[in-house]
Amino acid sequence: MTDWLRKNRGFLLFLLGLGVFRTAIADWNPIPSGSMRPNLLAGDAVLVDRIAYDLKLPLTNVIVAHLGEPRRGDIVTFSSPKDGTRLIKRIVALPGDIVQLRDDALYINGQRARYSDPRSATEALARGVRVPALRLTESIDGDQRRVQVLAGVPAMRDFGPVTVPAGDYLMLGDNRDDSADSRYIGFVPRRLLIGKALRILVSADIDGDWAPRFDRFGQRLQ
């Protein structure tokens, strides 16, 4: 065993360094579902800045120092408070905000989001199953993003009002009617935030023989 460790020391140090880098500084996260459409697609892999908010001890979730504050509109990876699954959603509400949805329209602190530039599309829910979709620009409190709503799909289109507790965040998927987000898993404590997603590294069409989607490589997230 000692000889094996000595012979493979360089490789083991590389693995350790990679582990430290991925758990403390930067990471990549594959997108497994359509919950963030139309902005993120299944088959995208995004770059995650793990020190955007907190410095953690490598290979642990122990926070050493706060480095930045999560902001409304950030796309973040986090561990689900329900079962620990790693998820990626958008921060929609901050601690102290009063949030509600009414027929898919977002309200924060009594202010209704503005919706513009509607465009019709179709969305694949499963192989061979497509439904009408409507994509809009949602603007509120100086932040805007494209969101999508689906017709004829059972979803929690009405939610709240709820007040986000201190130290917690409310997450929603951009694909509002097909996302297991804070409406279902609850608020997300800051300690469960992993990092901020910055841009798409690579992308492949997982339903099309994994053909590369070169136009998405390096695309910055908004």
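Quick summary incoming for the structure in this document. (Residues numbered from 1 in each chain as written. Predicted model: local features only at pLDDT ≥ 70, side-chain atom pairs only at ≥ 80, totals over all residues. Heavy atoms only, no water.)

Our focus in this paragraph is the sheet that holds strand β13 (residues 159-163). As summarised here, the arrangement of the four strands in space is β9-β8-β7-β13, forming an open sheet in which the pairing is antiparallel. Each end of this open sheet is capped by a strand with a single partner; those strands are β9 (111-112) and β13. Note that strand β8 (residues 105-108) and β9 share two bridges and pair antiparallel. Within β9, the position partnered with I108 by the bridge is Q111. (Pairing = 2+ DSSP bridges. Helix = DSSP H or I, 4+ residues; strand = E, 2+ residues; numbered from the N terminus.)

Attention shifts here to the layout of surface pockets. Computed from the structure, the largest pocket encloses a volume of approximately 500 Å³. Lining the largest pocket are 21 residues, and of these R37, A42, E123, A124 and D207 lie nearest its centre. In terms of residue count, strand β10 (residues 114-126) provides more of the lining of the largest pocket than any other element does, five residues in total. Here the lining of the largest pocket is composed, by residue class, of eight nonpolar, four polar and nine charged. Of all the secondary structure elements, the ones that give two or more residues to the lining of the second largest pocket are β12 (143-150) and β16 (193-205). Tallying contributions element by element places β16 first for the lining of the second largest pocket, with four residues. Residue classes in the lining of the second largest pocket are distributed as four nonpolar, four polar and nine charged. (1 Å grid on protein atoms, 1.4 Å probe; cavity = no way out; pocket = protein on both sides within 12 Å on 5 of 7 lines; lining within 4 Å. Points joined across faces, edges and corners; volume = space filled by probe spheres on them. Nonpolar A, V, L, I, M, F, W, Y, C, P; charged D, E, K, R; others polar.)

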